[in-house]
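Structural description and commentary
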Amino acid sequence: MALRPVHVIVKAVDALAVGRFWAEALGWTAYRPGAATYVGPAGGLVWPHPVVLGVDVVPVPEPKTPAKNRVHLDIATHSAAQQTELVARLRKLGATPADVGQGDVPWTVLADPEGNEFCVLEPREVYRDTGPIAAVVVDCAEPRAMARFWGEAIDWALHEVTDDHAVLRSPQGVGPYLEFLRTPGVKTAPDRVHLDLLPYPGDDRAAEVDRLRALGATDLDVGQGDVPWTCLADPEGHEFCVLAPH
């Protein structure tokens, strides 16, 4: 048994505006199937998508706290000119420069219109075939431990693990990477960005949730009430949800 990541949740007060921003950032389309705004490739809403991780922007009443998100997206580019053009275009759309202590680096750190940090990367060969989202990046204290948990939780393959960095990717070798970076500091606020996981057809969601608890996940109450998904936290407290299969 295993779960598959199906999209990245981004919480926002104005989900439609932030969804439209992310559609521009990724070169995708914003869909409005309900209260949330789903961002995915053009041509019609496909969920779950067989290759990409979409971005699902969900409305919440509370704005982001000043604390840096412990989960963020890295956006891939294929040339220095594209990186420069994308940064300039996103600035016009409401992105702001963000200082997360990065110093002098070849990538650009920005925040979306509600303050969610993300990086526009310089061209890197490793991300040449990921699509617009190069990686979902998780700040953590112990990348090796996180790789053990997430490597068991989902069906993605482990590509690299060191004391400072761990990398997983879909076993089909498509779509973005999931990266864990050893980062100073501790989690002090609920994540504004998190992954949603989905069982495969025929698998039992309750059994999957029990399996995750045995791996070290803990139950999480974020005020979700009676919903058809289960909110959990990984061993370092990062929220994620296990959805009900359709």
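Residues numbered from 1 in each chain as written. Predicted model: local features only at pLDDT ≥ 70, side-chain atom pairs only at ≥ 80, totals over all residues. Heavy atoms only, no water.

**Let's talk about the sheet that holds strand 11 (residues 165-169)**
Here we have eight strands laid out as an open sheet, ordered 6-7-8-5-9-12-11-10, and mixed in their pairing. In the strand order of this sheet, the two ends are held by strand 6 (96-97) and strand 10 (157-161), each with one partner. In terms of strand pairing, strand 10 meets strand 11 through four bridges, oriented antiparallel. Bridging from a neighbouring strand, Leu158 pairs with Leu168 of strand 11. Along the sheet face, helix 3 (residues 143-153) touches strand 9 (133-140), strand 10, strand 11 and strand 12 (177-182) and points at about 150° away from the line of strand 12. (Pairing = 2+ DSSP bridges. Helix = DSSP H or I, 4+ residues; strand = E, 2+ residues; numbered from the N terminus. Contact = heavy atoms within 4.5 Å. Axes fitted to C-alpha atoms, helices over the stretch in contact; angles between N-to-C directions.)

**Some points on the packing of aromatic side chains**
In total, this model carries eight aromatic pairs according to the counting rule given. Aromatic pair Trp150 and Phe180: ring centres 6.4 Å apart, planes at 35°, arrangement tilted. Residue Trp150 is found in helix 3, and its partner Phe180 is found in strand 12; the two are separated by 30 residues along the sequence. Just as Trp150 is buried, Phe180 falls in that class too. (Phe/Tyr/Trp six-rings, centres within 6.5 Å; stacked < 30°, edge-to-face > 60°. Buried < 20%, exposed > 50% of the residue type's maximum accessible area, 1.4 Å probe, protein only.)

**Digging into the nonpolar core**
If you look at the biggest cluster of nonpolar residues, it comprises 51 residues, and the most contacted ones within it are Trp22, Trp150 and Leu178. For this core, the element with the highest residue contribution is helix 1 (residues 15-26), accounting for seven residues. Those residues in contact with Trp22 that sit more than four places away from it in its chain are Val39, Leu73, Ile75, Asp112 and Phe118. Core analysis: the second largest hydrophobic core is formed by twelve residues, Cys119, Ala134, Val167 and Tyr177 among them. (Core = buried A, V, L, I, M, F, W, Y, C linked by side-chain atoms within 4.5 Å.)

**Concerning the environment of Arg144**
Within the secondary structure, Arg144 is located in helix 3. Under the relative-accessibility criterion, Arg144 is labelled partly exposed at 37%. Through-space distance from the C-alpha of Arg144 to that of Ala111 is 28 Å; in sequence the pair is 33 residues apart. When residues no more than four places from it in sequence are discounted, the contact partners of Arg144 are Val161, Thr162 and Asp163.

**As for the sheet that holds strand 15 (residues 230-233)**
If you walk across this open sheet you meet the eight strands as 2-3-4-1-13-16-15-14, and the pairing is mixed. The open sheet has two edge strands, strand 2 (29-31) and strand 14 (218-219), and neither has a second partner. Pairing of strand 15 with strand 16 (residues 239-242), which is carried by four bridges, proceeds in the antiparallel orientation. Its bridge partner lying in strand 16, Cys231 is registered against Cys241. Along the sheet face, helix 1 touches strand 1 (3-12), strand 2, strand 3 (37-40) and strand 4 (54-59) and points at about 5° away from the line of strand 3.

**Points about the packing of helix 1 against helix 2 (residues 80-92)**
In the contact formed by helix 1 and helix 2, the axes pass within 10 Å of each other and the chain directions differ by 165°. Taken together, the axes of helix 1 and helix 2 are roughly antiparallel relative to one another. Seen from above, helix 1 lies across helix 2 with right-handed handedness. Between helix 1, through Phe21, Glu24 and Ala25, and helix 2, the contact on the second element is made entirely by Leu86, Arg89 and Leu90. Looking at side-chain class alone, the contact of helix 1 with helix 2 contains four nonpolar, no polar and two charged residues. (Parallel < 35°, antiparallel > 145°, perpendicular 65-115°, else oblique. Left-handed = near helix turned anticlockwise from the far one by under 90°. Nonpolar A, V, L, I, M, F, W, Y, C, P; charged D, E, K, R; others polar.)

**Quick notes on helix 2**
The terminal C-alpha atoms of helix 2 lie 19 Å apart, and with 13 residues this matches the ideal 18 Å at 1.5 Å per residue to within 8%. Every buried residue belonging to helix 2 is among Gln83, Leu86, Val87 and Leu90, and all of these are buried. All buried residues of helix 2 lie within an arc of 100° about the axis, which places them on one face of the element. Pointing more than 90 degrees away from the buried face of helix 2 are the exposed residues Ala81, Thr84 and Lys92. Here the buried face of helix 2 lies against helix 1, strand 5 (71-75), strand 7 (108-111) and strand 8 (117-120). Phi turns positive one or two residues past the end of helix 2, at Gly94, with a value near 115°. (Expected span 1.5 Å × (residues − 1). Arc of directions from axis to C-beta.)

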